[in-house]
Amino acid sequence: MAFASRGFGGRPHRQRDERLPPGQYDVGSDWPVLTAEVTPRFSLDNWTFTIDGLVGMTHTWSFQDIRALPESRYDGDIHCVTTWSKLGTSFTGVSVDSLIAQVQVAPEAEFVLATSTTGYTTNLPLADLTGGKAWLVWEHEGKPLTAEHGGPIRLLVPHLYFWKSAKWITKFTLLDHDEPGFWERNGYHDRGDPWKEQRYQGD
Ligand SMILES: Nc1nc2c(c(=O)[nH]1)N[C@H]1C(S)=C(S)[C@@H](COP(=O)(O)O)O[C@H]1N2
Ligand SMILES: [Mo]
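What you see is a predicted model, and the numbers here were worked out from it, not measured in a lab. (Residues numbered from 1 in each chain as written. Chains lettered and ligands numbered in written order. Predicted model: local features only at pLDDT ≥ 70, side-chain atom pairs only at ≥ 80, totals over all residues. Heavy atoms only, no water.)

Asks: Explain the pairing of strand S2 (residues 48–53) residue by residue, including any values.
Replies: Here S2 pairs with strand S3 (residues 59–62) via four bridges, running antiparallel. Within S3, the position partnered with threonine 50 by the bridge is threonine 60. Joining the antiparallel neighbours S2 and S3 is a turn of five residues. Here four bridges tie S2 to strand S11 (residues 169–175), and the two strands are oriented parallel to one another. (Pairing = 2+ DSSP bridges. Helix = DSSP H or I, 4+ residues; strand = E, 2+ residues; numbered from the N terminus.)

Shown next as structure tokens:
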């Protein structure tokens, strides 16, 4: 009886966790590492973050400048396109809104190309980085972010597939057009909404 679902010592039928988008499974307390390049090692003392492109003036922050902004925390889930999701995790950092508030965004700026210190890039609509949906983070579950997970600092855009969360983030370039990043040029979707299963171009 393959369908026996309750009683008689059978495994109780477990409902799929409603936090899991379609096609995803829960990795539990694991956290897989997915890195295309060699893991860089750098200190926040000589790291900077820049917003350039369609802004009134290019703005560069030191980590000290960023620490002076209100701290912001994300409690929730992350979803990798390779089908793992990590549920109920937490990150601490600063909201991207606090950074955007310090630059003069040109009205035609609609897209962002995010760049890592390694040269990794990923593209996002500006609207996916604002409105309390994206962070630069340096802590995971209360501990400094490790180098393999993008430490000392990474982008976190948890409502999109995790390849959008560029590790070792160093720059946003504001653009009036969508410019595919590393994985997007290699067949991955331009937006990557896990609830719509936007995994590959054409999904
Ligand atoms: N710089 C950089 N950022 C990156 C990647 C990468 O290879 N390089 N991989 C992306 C992908 S595909 C995923 S799923 C997540 C993986 O983050 P993790 O290794 O901390 O799980 O980082 C994203 N950010
Ligand atoms: Mo990924």
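Picking up after the structure, the text goes on.
Asks: Quick one: what's the story with the layout of surface pockets, residue by residue and with numbers?
Replies: Estimates place the volume of the largest pocket at around 380 Å³. Contributing to the lining of the largest pocket are 23 residues, with Leu34, Thr35, Tyr120, Trp163 and Trp183 lying nearest its centre. Class assignment for the residues of the lining of the largest pocket results in 15 nonpolar, five polar and three charged. (1 Å grid on protein atoms, 1.4 Å probe; cavity = no way out; pocket = protein on both sides within 12 Å on 5 of 7 lines; lining within 4 Å. Points joined across faces, edges and corners; volume = space filled by probe spheres on them. Nonpolar A, V, L, I, M, F, W, Y, C, P; charged D, E, K, R; others polar.)

Asks: Residues and numbers for the environment of tyrosine 161, please.
Replies: Structurally, the position occupied by tyrosine 161 is in the loop between strand S10 (154–156) and S11. Tyrosine 161 sits 31 residues away from glycine 192 along the chain, and the two C-alpha atoms are 5.4 Å apart. Ignoring anything within four residues of it in the chain, the contact list for tyrosine 161 reads Gln24, His79, Cys80, Val81, Gly192, Asp193, Pro194, Glu197, Gln198 and Arg199. (Contact = heavy atoms within 4.5 Å.)

Asks: With reference to specific residues and values, describe the site of ligand 1.
Replies: Taken together, 22 residues form the shell around ligand 1, and within it Pro32, Ala36, His149, Arg154 and Lys167 come nearest. A distance of 2.7 Å is found between an oxygen atom of ligand 1 and a backbone nitrogen or oxygen belonging to alanine 36. Contacts to ligand 1 include lysine 167, whose side-chain N or O atom sits 2.6 Å from an oxygen atom. With the chains in place, 98% of the 520 Å² that ligand 1 exposes on its own is no longer accessible. In this structure, ligand 1 is accommodated by the largest pocket. Broken down by class, the residue content of the shell around ligand 1 amounts to 13 nonpolar, five polar and four charged. (Near = heavy atom within 4 Å. Polar contact = N/O pair within 3.5 Å; in protein donor to acceptor, adjacent residues only side chain to side chain. Areas by Shrake-Rupley, 256 points an atom, 1.4 Å probe, with all protein chains shown as cover. Sits in = over half its atoms within 2 Å of the grid points.)

Asks: Tell me what's going on with the pattern of salt bridges, and back it up with residues and numbers.
Replies: For the structure on display, the rule yields eight salt bridges. Close ionic contact of lysine 171 with aspartate 52 constitutes a salt bridge, the shortest N to O distance being 3.7 Å. In this pair, lysine 171 is assigned in strand S11 and aspartate 52 in strand S2, connecting sequence segments 119 residues apart. The closest approach of N and O atoms between aspartate 75 and arginine 73, which form a salt bridge, is 2.8 Å. Each of Asp128, Arg191 and Asp193 takes part in salt bridges that share partners, so that together they form one network. (Salt bridge = Lys/Arg side-chain N within 4 Å of Asp/Glu carboxyl O.)

Asks: Tell me what's going on with the sheet that holds S3, and back it up with residues and numbers.
Replies: Read from one edge of the open sheet, five strands run S3-S2-S11-S6-S7, paired in mixed fashion. The sheet terminates laterally at S3 and strand S7 (121–125), the two strands that pair on one side only. Each strand of the sheet is rotated relative to its neighbour by a mean of 15°, with strand direction disregarded. Pairing of strand S6 (residues 111–116) with S7 involves five bridges; the strand directions are antiparallel. Along S7, the bridge assignment pairs leucine 113 with asparagine 123. (Axes fitted to C-alpha atoms, helices over the stretch in contact; angles between N-to-C directions.)

Asks: Which residues make up the confidence of the model for the chain, and what values do they have?
Replies: For the chain, the average pLDDT comes to 94, and 94% of its residues sit at 70 or higher. The lowest-confidence element of the chain is strand S1 (residues 25–26), averaging 97 in pLDDT; the highest-confidence one is S10, averaging 99. Predicted confidence for residues 1–7 stays below pLDDT 50, and this span has three contacts to residues more than four positions away or in other chains. (pLDDT = per-residue confidence, 0-100.)

Asks: Can you lay out the packing of aromatic side chains for me, pointing to particular residues and giving the numbers?
Replies: Summed over all chains, the structure comprises 14 aromatic pairs. For the pair tryptophan 47 and phenylalanine 49, a centre-to-centre distance of 6.4 Å together with 20° between the ring planes defines the contact as stacked. Like tryptophan 47, the residue phenylalanine 49 is buried in the burial classification. Taking the centre distance of 6.3 Å and the plane angle of 75° together, the rings of tryptophan 47 and phenylalanine 63 count as edge-to-face. A residue pair is termed long-range when its members are at least 10 positions apart, and tryptophan 47 in the loop between S1 and S2 and phenylalanine 63 in helix H1 (residues 63–67) qualify at 16 residues. Taken together, Tyr120, Tyr161, Trp163, Phe182, Trp183, Tyr188 and Tyr200 form an aromatic cluster joined through their ring pairs. (Phe/Tyr/Trp six-rings, centres within 6.5 Å; stacked < 30°, edge-to-face > 60°. Buried < 20%, exposed > 50% of the residue type's maximum accessible area, 1.4 Å probe, protein only.)

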